[in-house]
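# Fold and geometry: a report
Okay, here's what each chain looks like letter by letter:
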Amino acid sequence: MRTLFKGAQVYRQGAFSLSDLSIRKGKVEAVEPVISPRPGDRVIDVSNCIIIPGLVDVHVHLREPGFVYKETIETGTRAAARGGYTTVCAMPNLSPAPDTMKNLKVQLDIIKKTAKIPVIPYGCITMGQKGRGELADFGALAPYVCGFSDDGRGVQDEELMELAMLAVKKTGKPIVAHCEDETLLRGGYIHDGPYARLHGHAGICSESETAQVKRDLKLAAQTGCPYHVCHVSAKETVAAIREAKKAGVNVTCETGPHYLLLTDMDLQEDGRFKMNPPIRETADRDALIESILDGTIDMIVTDHAPHSEDEKAKGLEGSLMGVVGLECAFRVMYDRLVRDQKVLSLEKLVELMCLNPRKRFGIEGGTEPGQRADIAVIDPNKTGVIDPDEFYSMGRATPFEGWETTGDVVMTMAGGSVVWEAKN
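Quick summary incoming for the structure in this document. Here the residue numbers are simple positions, counted from 1 along each chain's written sequence. Thresholds applied to this predicted model are a pLDDT of at least 70 for local features of residues and 80 or more for the giving and counting of side-chain atom pairs; totals over whole chains, interfaces and linings are not thresholded and use all residues. To get the side-chain values, all heavy atoms of the structure are used, and hydrogens and water are removed first.

This next bit is on the sheet that holds strand S8 (residues 119-121). Within a sheet, neighbouring strands are paired by backbone hydrogen bonds and run either parallel or antiparallel to one another. At least two bridges found by DSSP between two strands is the condition for calling them paired. Secondary structure elements follow DSSP: runs of H or I no shorter than four residues count as helices, runs of E no shorter than two count as strands, and numbering proceeds from the N terminus. A sheet is described by the order of its strands in space; here three strands give the open sequence S6-S7-S8, paired in parallel fashion. Of all the strands in the sheet, the pair left with one neighbour each is strand S6 (55-60) and S8. Averaged over all pairs of adjacent strands, the angle between strand axes in this sheet comes to 20 degrees, irrespective of strand direction. In this analysis, two residues are considered to be in contact whenever any of their non-hydrogen atoms come within 4.5 Å of each other. Angles here are taken between N-to-C directions and fall from 0 to 180 degrees, while the axes themselves are lines fitted to C-alpha atoms, restricted in helices to the stretch in contact. Along the sheet, helix H12 (residues 346-361) contacts S6 and strand S7 (85-90); its crossing angle with S6, the most-contacted strand, is approximately 60 degrees.

Given below as C-alpha cells:
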C-alpha cells in the first residue's frame, strides 16, 4: 500500500514547495506538485502543513540498561517520536557501560526489542566511561556505534585523549567529547555569572569548557581524527571552534535549545534549570545564535537527560544535572527563533536539526525520492502549552515548562511507518 500526503509545503533540495509526497515500501517514492491517488492508497490531507525530514538527535540519554527508574529505551524513543525525531543516538552513561561488545550487546538487544524509532548507541572512550584509565575496545565496537564518547565526563589526561584519537581515527568514527576540565570546577553547579553572585551559588566558569575544547582541537589537528564537541555553551568555545574550522580541522559541534533561548538571569531556584554545562550569560547566548547562523555550530541537540522527580526536586544546588527536551525542542525553536523573533529561517532550522546531524554521523533518511521515508509533519499554526505531565518521557524537568508555543509536530514517520500521530 502507498501512503500519499496531499498539499503540504515539502522540504526538498534546500527549499519548500507546495507538493504531494508519496511513500511506498518504506521509501519516498515521489515528490511532485500533484500526484494522483491509486486504488488502495492511504491518502492524507496535509493542507496548511509542512513536511520536513525527520529530526535527528545525536545526544540523548535513554538510561537503559542500568537506570530504568529514570527512563527506558521504549519511553525515550516514544518521546522522541512525539517530538518529530526519527533517529536518536544514545549516550553511554549506562550500567554496564558499552565499553566492550559483551556490554554493548545488552543495550543492542533492548533496542531491538523495544525501540519505537532507530537508536544508534555510542561506545565509550574509556573503560567504565570514567574519563581516565584504560581505553575501550574501539575496533570491536565501531561497526555498531555512531562514535565514541564519555559524555558526562571529560577525558582529563591529554596523552590519553591523543591515544584515543589515534585509535578511533582508524575506525572512521568520530570522538564526541564532553569537554570539562575538572580542576576548574571548584564545586560549582550553575554558571559563574550574575545570577550565581546575586543568590550566593557556587559558579562553574566558562574556562572549564573552553580549555579542554582548545586542547582537543589541537589534538584533532595533529591526529586527523574526526572530532565533535558536545553541548557548546560559552562564547569563548565557539570562537575557538570557528578558528579551528578556518584552519581545516575536522571538527563539528552542537548546542541545545536552552543555551539559545535562556540566560542565567532566567534561572529559578528549581532543579529543572540545572544542567551541565550550565546556562550562561546574554553574551554567550548571543554568540551561540551568531554561530548557528554562520555555520560554526553545526547542529541543535536536546541532551535529553531524564532523572526521577526526587532527583530533580532539590533546587539548583542539590538536584542532579540534566533536563529533558525531546518532546519540546522543535516547538520552542520554531516558535521563538523562526516564527516570533525571525532569527532563523525554517530552512536553516531543518539544516540544524535534520540534515547536518545525518551528514556528520552517516544517518540515512529524509524527504528526497529514494530515501528512507523519515519525515515529520508540522502544523505551523497549532498552539499549545508545554506541559511535562503530558510527556511520554519518564523525565519531567524542563526549563520550558509553561511556555506557550505555536507550531508543533502532528505526525512522525520512520521508515515509512507512522510512529506517532496527534489525536486531533
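Here glycine 147 shows up in the loop between helix H3 (138-141) and helix H4 (158-169). Residue glycine 147 is classed as buried on the basis of its relative accessible area of 0%. Between the C-alpha atoms of glycine 147 and glycine 7, which are 140 residues apart in sequence, the distance is 39 Å. Excluding anything up to four places from it in sequence, glycine 147 contacts Tyr122, Gly123, Lys173 and Pro174. Think of it in three bands: residues with accessible area under 20% of the maximum for their type are buried, residues over 50% are exposed, and the middle band is partly exposed, with areas taken using a 1.4 Å probe on protein chains only.

As a further point, take the sheet that holds strand S13 (residues 251-255). Ordered in space as S9-S12-S13-S14, the four strands form an open sheet in which the pairing is parallel. Edge positions in the sheet fall to strand S9 (175-177) and strand S14 (299-300), since each of these pairs with one other strand and no more. Sheet analysis places strand S12 (residues 227-229) next to S13, joined by three bridges and oriented parallel. Of the residues in S13, the one forming a bridge with tyrosine 227 is valine 251.

This next bit is on helix H1 (residues 73-82). Of all the 10 residues making up H1, eight are buried; the element is thus mostly covered by neighbouring parts of the structure. Listed in full, the buried residues belonging to H1 are Ile73, Thr75, Gly76, Thr77, Ala79, Ala80, Ala81 and Arg82. Those residues of H1 hidden inside the fold are in contact with S7, helix H2 (101-114), S8, helix H11 (329-340), strand S16 (404-414) and strand S17 (417-421). Just downstream of H1 lies glycine 84, where phi reads positive at about 95 degrees.

Looking now at the state of the cysteines. Disulfide: a covalent bond formed between the sulfur atoms of two cysteine residues. Throughout, disulfides are identified as pairs of cysteine sulfur atoms within 2.5 Å of each other. Per the counting criterion, the structure on display carries zero disulfides. Cysteine cysteine 230 remains unbridged, with the sulfur of cysteine 179 as its closest cysteine sulfur at 7.5 Å. Under the relative-accessibility criterion, cysteine 230 is labelled buried at 3%. There is no disulfide at cysteine 328, and the cysteine sulfur nearest it, in cysteine 354, is 16 Å away. Note on cysteine 328: relative accessible area 1%, which makes it buried.

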